[in-house]
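Spelled out, the chains give:
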Amino acid sequence: MRTGWLASLLIALFLLAACDGGRKAAPPVQRGPGTPAQGDALVVGSIGEPSTLLPLLASDNASHEVAGRIYNGLVRYDKNLNLEGELAESWDVSGDGLTITFHLRKGVKWHDGQEFTSRDVMYTYRVTIDPKTPTAYADAFKQVQSAVAPDLHTFRVTYAKPFAPALESWGMAILPAHLLEGKDITTSELARRPVGTGPYTFKEWVAGQKITLEANRDYYEGRPWIDRYIYRIIPDNSTMYMELKAGALDMMGLSPVQYQRQTETSEFRARFNKYRYPASAFTYLGYNLRHPLFADRRVRQALTAAINKAEIVHGVLLGMGQVAHGPYKPGTWAYNPQVRDFEYNPERARQLLAEAGWRETNGEGILVREGKPFRFTILTNQGNTERLKTAQIVQRRLKKVGIDVKIRVIEWASFLSQFIDKGNFEAVMLGWTISPDPDMFDIWHSSKTGPKELNFIGYKNPEVDRLLEEGRGTFDQEKRRRCYWRIQEILAQDQPYTFLYVPDALPAVSARFRGIEPAPAGISHNLIRWYVPKEEQIY
Amino acid sequence: MAQYLIKRLLLMIPLLFGITLITFTVIHLAPGEPVEMQVAMNPKVTAEARERLRKFYELDKPLHVQYVKWVGRLSRLDFGRSFAPDGRKVVDKIRERIPVTLSLNIIALVLQFGIAVPIGIFAATRRDTPLDKGITVFVFLGFAVPTFWLALLLMYVFGVKLGWLPISGLHSMGSEGMGTVAWLLDMARHLILPVSVATFSSLAGLSRYMRSTMLEVIGQDYITTARAKGLSERTVIYRHALRNALLPVITLLGFSVPGLIGGSVIFETIYALPGMGQLFYMGVMARDYPLVMGILVIGACLTLVGNLLADIGYALADPRIRH
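Residues numbered from 1 in each chain as written. Chains lettered and ligands numbered in written order. Predicted model: local features only at pLDDT ≥ 70, side-chain atom pairs only at ≥ 80, totals over all residues. Heavy atoms only, no water.

Some remarks on the sheet that holds strand β16 (residues 360-361) of chain A
All names here are of chain A.
- Reading across the sheet, the three strands line up as β16-β17-β18 and stay open at both edges, with antiparallel pairing between neighbours. Unpaired on one side and paired on the other, β16 and β18 (372-373) mark the two borders of the sheet.
- Bridge count between β16 and strand β17 (residues 367-369): two bridges; the pairing is antiparallel. When the bridges of β17 are listed, Glu360 appears paired with Val368. (Pairing = 2+ DSSP bridges. Helix = DSSP H or I, 4+ residues; strand = E, 2+ residues; numbered from the N terminus.)

Quick look at the structure:
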């Protein structure tokens, strides 16, 4: 019968799909280091397509990731997240901290053969601050009072007051003056056919499909071993994972489930190396401090004490992350390891709530004060299931201490315009990227609480304000460290956010690539030194 | 006839205006602004930078001024530049996406009609037999199974486990160096899975429709007459019944034409196909006004043209409409 035939076909499909464990697992192959050799290609998967390869105009990750292979800045972060010279061989900061002099590297060539000079740096500076350039990155450069290029290999900038994040801002990709000067950057064809000084040169961009880069033979640090870098656009994570398993991708970031449950087979481990290190981001529950519910610090402390962060890391990230106590990445110099905020302790939470006047409960077991139940909504953005799951766990824990939480998921554009910008929210579940420079002026300073500014929860603490100003006003790392360590102590007491977790980055890379050195900065810091031994090359 | 045509064409002018107005209003009613999407939650951006971007995109001007400017450009067939940071022309963005969507949809449409029509006839002539029921189950299975799930399952089986077919995308690595024939074959291999899933999931409607119109026709008196004349069953079905049963199906085909440039977001996302669906979706998410409005206007115009062609067709066939 037809139906029977069909059913058996479907069953066969299922079996075939489910027979993961059925295949004899090959023993993991121990691969030696091999001999470095030129050749082969690294195929990387990305959810999003870059919007433009002029990094000055781009604001998305994908654009910056690809552009980062093509361009160089004057400075960059090394594998330990310290600033080092890139196109600048070295730099001096004057005694008063106002003037930075960059000594540019000699003999660096643009991909079209022209020599890189201070003219390019000057052009990049000028076009960035040009009011006609639609860029999001002009502000750090606007602090510059004067910029001069005394000779072809020196570039000097003077600031009105010492400004520590200034140095980092010179990590901005330097653009080729000889191709752009006097032209409208917004319509430049360099957005699709970039020319840089970086380790890879642009070859081809097939819209919506892939971008191909080729090794720069004349790269100042030496030619990269891997001949081609191919950036494939695969918008769906499941598809990307299958492409990885089928061997059509060499590298992708895994989700915790993929890392823990789906790739722990000897077959996968023989073909791929998995890496794990803290990502530069944290997730938090932020409270609207203008809202009467959260005005009392004890209430916020109680909320933190009522939430079991370890459980969230375990449940949402399958343990692939760590509990956060403040806004910095564990292991970096700005991170204060002694700071611990409120441990999970529902008893303590109830006690703190009682002190704040939340004593009685109503018929549903919800705390009541002056006749009003303790009830609020956590908003989070659509498309991030980790945040949603976290919110659900928080909801359950808060219920246990008598707080009724609702969760609302909203599309990003509406989320920002209708809720955040108008201060129209009670609590939000969001995340921040942790930049290597610890200046968090925009997020915590009381002057940044206006509409569309980033201290949207309305946090105001005079001591934190002062420390933030002091921290960005000096280049002395020890002084800065003291400022930021103290800020973390204050935040742990104030609890404007409940800092929840720092997830791990979980990249998998095909085992044929050697020379990968995991470091605090991740794995791609030495991409030009990755190689595939001749006998294992496939492209 | 000429008079009728002129009247129809003139009627399209206010329609087009209405379309631009509605398109413009709808996208501007959506909360959020393109600039927001680019700079929100970025500590490196100040209010001044935000204003600079708004000015660049002319979002600081009153809405009616923005509308007039946009319609003005549109009347010169200039769709403007995208609000995405690349600032490319909307037309270029659409042009590079349309071939993929169009060819995928045409292939799927041809297959869909090519399979559903015979299936429908087959089922109708064997009404209530196990074969008819089997077909019913089969087509409804395609209708009911979530596309994304089936797509992933097939990718896993044929791409990962068996390794017979590529999983996603349009071309293999190294397709640049292939000859034309090899290049086409490579692309065809990439299209097998998406086209099969698209076809399978859309068989139900059409084949059921074919089956019911066929059954209706078979019940008519003239079929009984034909049979009574002693014609063979084959001639009765394919010469007499089929012709009449096919007419409504051809109307359906006409309706499918405007849909040809629309792509499915889920589908294109799973198979990493750079088509119109994704372009539109991304445009909406980023509030890329010129792009979204451009796609909507082109889609609406195609529908208008499709309707016009259908009307002309009717007019040619039926003199009563002409007058």
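Some points on the confidence of the model for chain B
- Overall, the prediction assigns chain B a mean pLDDT of 84, with 94% of residues at 70 or greater.
- In the predicted complex, the global pTM is 0.83; the interface-specific ipTM is 0.78. (pLDDT = per-residue confidence, 0-100.)

Quick word on the sheet that holds strand β5 (residues 99-104) of chain A
Residues and elements named next belong to chain A.
- Taken together, four strands build an open sheet; the order of strands is β4-β5-β7-β6 and the sheet is antiparallel. The sheet terminates laterally at β4 (88-93) and β6 (144-151), the two strands that pair on one side only. Each strand axis lies, on average, 15° off the axis of its neighbour in the sheet, ignoring direction.
- Alignment of β5 against strand β7 (residues 154-159), held across five bridges, turns out to be antiparallel. When the sheet's bridge partners are listed, Thr101 is paired in β7 with Arg156.
- In the packing of helix α3 (residues 118-129) onto the sheet, contacts are made with β5, β6 and β7, and the angle to β6 comes to roughly 160°. (Axes fitted to C-alpha atoms, helices over the stretch in contact; angles between N-to-C directions. Contact = heavy atoms within 4.5 Å.)

Points about the domain arrangement of chain A
Residues and elements named next belong to chain A.
- In terms of domains, chain A is made up of domain 1 (29-71 + 198-276 + 506-539) and domain 2 (281-504).
- Centre-to-centre separation of domain 1 and domain 2, based on C-alpha positions: 35 Å.
- The partner domain 2 presents eight residues to the eight residues of domain 1 that form the contact.
- A salt bridge links Asp504 to Arg276; the nearest nitrogen and oxygen atoms lie 2.7 Å apart.
- The tally of links from domain 1 across to domain 2 stands at three residue pairs in polar contact (both at pLDDT 80 or more).
- Tallied by class, residues from the side of domain 1 that touches domain 2 come to five nonpolar, one polar and two charged. (Domains from an automatic or database assignment. Salt bridge = Lys/Arg side-chain N within 4 Å of Asp/Glu carboxyl O. Polar contact = N/O pair within 3.5 Å; in protein donor to acceptor, adjacent residues only side chain to side chain. Nonpolar A, V, L, I, M, F, W, Y, C, P; charged D, E, K, R; others polar.)

Re the environment of Ile218 of chain B
- Relative to the helices and strands, Ile218 of chain B resides in helix α8 (residues 180-218).
- With residues up to four places along the chain from it excluded, the contact list for Ile218 of chain B reads Ile223, Arg227, Ile237 and Ala241 of chain B.

Brief notes about the interface of chain A and chain B
- The interface is formed by 72 residues belonging to chain A together with 56 residues belonging to chain B.
- Here chain A meets chain B over a buried area of about 5,400 Å², counting both sides, of which 64% is carbon and sulfur.
- Viewed at the interface, chain B and chain A are joined by five residue pairs in polar contact (both at pLDDT 80 or more).
- Of all the secondary-structure elements, those providing two or more residues to the side of chain A that touches chain B are α1 (2-18), β1 (39-46), α3, α4 (138-142), β10 (226-233), α7 (237-245), α14 (412-420) and β21 (427-433) of chain A.
- No other element matches α1 of chain A, which puts eight residues into the side of chain A that touches chain B.
- For the side of chain A that touches chain B, the class distribution of residues is 34 nonpolar, 17 polar and 21 charged. (Buried area = accessible area lost by both parts, 1.4 Å probe.)

A few points about the packing of helix α6 (residues 130-144) of chain B against α8 of chain B
All names here are of chain B.
- Packing of α6 against α8 leaves a shortest axis separation of 6 Å and a crossing angle of 135°. By the angle between their directions, the pair α6 and α8 is classed as oblique. For the pair α6 and α8, the crossing hand works out as left-handed. Taking contact as the criterion, the partners of Asp132, Thr136, Phe138, Val139, Phe140, Leu141, Gly142 and Phe143 in α6 are, on α8, Phe200, Ser201, Leu203, Ala204, Ser207, Arg208 and Arg211.
- Of the residues that constitute the contact of α6 with α8, the class distribution is eight nonpolar, four polar and three charged. (Parallel < 35°, antiparallel > 145°, perpendicular 65-115°, else oblique. Left-handed = near helix turned anticlockwise from the far one by under 90°.)

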